[in-house]
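# Fold and contact review
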Amino acid sequence: MSLIEWSDQFALGVEWMDDTHREFVQMVQSLDSAGEDVFLAQYDAFIAHTEDHFQRENEIMQQTAFPPLHCHLSEHENVLNIMRDVRRMVVDEGRFDVGRVLVREMAPWFTNHAATMDNMLARFLQMQAEGQPVSPSDMPPACGAGCGHEHEAA
Ligand SMILES: [Fe+2]
Ligand SMILES: [Fe+2]
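Below is a short write-up of the structure. (Residues numbered from 1 in each chain as written. Chains lettered and ligands numbered in written order. Predicted model: local features only at pLDDT ≥ 70, side-chain atom pairs only at ≥ 80, totals over all residues.)

### Regarding the nonpolar core
Within soluble globular proteins, side chains that are nonpolar generally end up buried alongside one another. Definition in use: For this entry, the nonpolar core is defined as buried Ala, Val, Leu, Ile, Met, Phe, Trp, Tyr and Cys residues connected by C-beta atoms within 7 Å. For every residue, the other C-beta atoms within 10 Å of its own C-beta are counted; 20 or more classify it as buried, 12 or fewer as exposed, and values in between as partly exposed. C-beta atoms are placed from the backbone. Under the scheme used here, helices are H or I runs from DSSP no shorter than 4 residues and strands are E runs no shorter than 2 residues, and both carry numbers assigned from the N terminus. By the criterion used throughout, residues are in contact when their C-beta atoms, derived from the backbone, lie within 7 Å.
Formed by Phe24, Val25, Met27, Val28, Leu31, Ala34, Tyr43, Phe46, Val86, Leu102, Val103 and Met106, the largest nonpolar core amounts to 12 residues. Broken down by secondary-structure element, the contributors of at least two residues to this core are helix H1 (15-32), helix H2 (36-64) and helix H4 (96-129). Top element by residues in this core is H1. It accounts for five residues. With sequence-adjacent residues up to four places away left out, valine 103 is seen in contact with Val28, Leu31 and Asp32. In this structure, Val14, Phe66, Met117 and Leu121 belong to the second largest nonpolar core, which totals eight residues.

### Focus on helix H3 (residues 69-93)
This is how the line gets drawn: Given the number of residues in a helix, its expected span is that number minus one, multiplied by 1.5 Å.
When the terminal C-alpha atoms of H3 are compared, their 36 Å separation across 25 residues agrees well with the 36 Å that a helix rising 1.5 Å per residue should span. All of the buried residues along H3 are Cys71, His72, Glu75, His76 and Val86. Residues of H3 that are buried make contact with H2 and H4. Phi for glycine 94, located one or two positions after H3, is positive at around 65 degrees.

### Remarks on the packing of H2 against H4
Formally: Each axis is a line fitted through C-alpha atoms, taken for helices only over the stretch in contact, and angles between the N-to-C directions span 0 to 180 degrees. The cut-offs work like this: below 35 degrees is roughly parallel, past 145 is roughly antiparallel, 65 to 115 is roughly perpendicular, and the gaps in between are oblique. It is the rotation of the near helix from the far one that decides the hand of a crossing: anticlockwise by less than a right angle makes it left-handed, clockwise makes it right-handed. As a working rule, the residues Ala, Val, Leu, Ile, Met, Phe, Trp, Tyr, Cys and Pro are called nonpolar, Asp, Glu, Lys and Arg charged, and the rest polar, with Gly in that last group.
Interaxial distance between H2 and H4 falls to 12 Å at its minimum, and their mutual angle equals 20 degrees. Between H2 and H4, the angle falls in the class roughly parallel. For the element pair H2 and H4, the recorded crossing hand is left-handed. Along the contact surface, H2 presents Glu36, Phe39, Tyr43, Glu57, Ile60, Met61 and Thr64, while H4 presents Phe96, Gly99, Leu121, Leu125 and Gln128. In the contact of H2 with H4, the residues fall into seven nonpolar, three polar and two charged.

Keep in mind that these numbers describe shape and distance, not what the molecule does.
Dropping the structure here:
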């Protein structure tokens, strides 16, 4: 059984996000069965894709003043830092096993991220596109406990 497969449960209704997420899922799937001879090349492509993926979401959040911006931004940064740390372990120490653990962890991470932070962003963008006024009170004020960011007072 494959680690993760695209399904409508992941679709958020914002085309560019769904296209990117579909590619993300395909890359995780492919990495999960990649042999050591191709793992690093695929992993590097996955990091580059994820950098673009997160950068595009970050930019739109900044342009639209998405209320829980900082939590989503720091989540992206944390994940990329972990991916880069694991790359160093694969390259410097030959720890393909750690690389594989990271890939497997990406499946539940993505499932949760898409259903929460990305879902919230997609809803926000859809409300804006429909011309509905979006006030900060329509959105959670922050991510709740955990991101450690000091949120500005409203
Ligand atoms: Fe995303
Ligand atoms: Fe995201």
